Amino acid sequence: MHEAIRLADEGMASGRGGPFGCVVVRAGQIVGRGNNRVTSTNDPTAHAEVTAIRDACASLKTFQLTDCELYTSCEPCPMCLSAIYWARIPVVYYGNTRTDAAAIGFDDDFIYQQVPLPPEKRAIRMQPFLRDAALSSFKGWAAKSDKVKY
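Anyway, here's the lowdown on the structure attached to this text. What you see is a predicted model; the values in this text were computed from it and never measured.

### Side note on the overall build of the protein chain
Part 1 of the reasoning: Within the protein chain one finds seven helices and four strands.
Part 2 of the reasoning: For the protein chain, the sequential pattern of α-helices and β-strands runs α-β-β-α-α-β-α-β-α-α-α.
Part 3 of the reasoning: Per-residue burial for the protein chain yields a buried fraction of 31% across its 150 residues.
Part 4 of the reasoning: The long-range fraction of contacts in the protein chain, counting pairs at least 24 apart against all pairs at least 6 apart in sequence, stands at 47%.
Part 5 of the reasoning: Distance between charge centres in the protein chain, computed from 17 positive and 16 negative side chains, equals 10 Å.

### Considerations on the sheet that holds strand β3 (residues 68-74)
Part 1 of the reasoning: The mixed open sheet is built from four strands, whose spatial order is β2-β1-β3-β4. Among the strands making up the open sheet, the edge pair consists of β2 (29-35) and β4 (91-96). Averaged over all adjacent pairs, the angle separating strand axes in this sheet is 15°, with direction ignored.
Part 2 of the reasoning: Running at roughly 140° to β2, helix α3 (residues 48-60) makes contact with β1 (21-26), β2 and β3 of the sheet.

### What to know about the pairing of β1
Residues in a regular strand point their side chains to alternate faces of the sheet.
Part 1 of the reasoning: Across the six residues that make up β1, a large majority, five, are buried.
Part 2 of the reasoning: In this sheet, β2 lies alongside β1 in antiparallel orientation, the contact comprising six bridges. Looking at β2, one finds that V23 is bridged to R33.
Part 3 of the reasoning: Linking β1 to β2, which pair antiparallel, is a turn of two residues; within it A27 sits at a positive phi near 50°.
Part 4 of the reasoning: Two elements, β1 and β3, share five bridges in a ladder whose sense is antiparallel.

### Quick look at the side chain of E49
Part 1 of the reasoning: Checked against the element boundaries, E49 lands in helix α3.
Part 2 of the reasoning: Despite its burial, E49 pairs with no opposite charge, the nearest such side chain being R54 at 11 Å.
Part 3 of the reasoning: When near neighbours in sequence (up to four residues on either side) are disregarded, E49 contacts C22, L70, T72, C74, P76 and C80.

Scoring rules and cut-offs
Residues numbered from 1 in each chain as written. Predicted model: local features only at pLDDT ≥ 70, side-chain atom pairs only at ≥ 80, totals over all residues. Heavy atoms only, no water. Helix = DSSP H or I, 4+ residues; strand = E, 2+ residues; numbered from the N terminus. Buried < 20%, exposed > 50% of the residue type's maximum accessible area, 1.4 Å probe, protein only. Contact = heavy atoms within 4.5 Å. Lys, Arg positive; Asp, Glu negative; His and termini not counted. Charge placed at Lys NZ, Arg CZ, Asp CG, Glu CD. Pairing = 2+ DSSP bridges. Axes fitted to C-alpha atoms, helices over the stretch in contact; angles between N-to-C directions. Salt bridge = Lys/Arg side-chain N within 4 Å of Asp/Glu carboxyl O.

This is the structure:
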């Protein structure tokens, strides 16, 4: 956790992004590091957890981190929490809470409230479009014999 906090401070001090840092640990060794790089990369997905997961996956040459732990300086936002689930990380340790983050202007509560709503009730207009055409890709995936499941 100390390294995650150090990365948060380093990223913030260098102007790369907000005060968030993260490490992915496997068997007691750090295999991925990340800090928030949203403003320096113009990438709204470049949160500390996402950058650390990307780094760990590249280092370990895998897209599943089932034998790793994640240490993050703040409770993950909904996007990062989803990335953690997709990476199959079984344990997360966090420092600051989402309430602490909201107190300094990082309020993810709106997104947390939007996720369980049906698509038609979300603040972002969600409109089905060309589903029949899109289904052909899914049918191709279902029939693909050499697919790598994830």
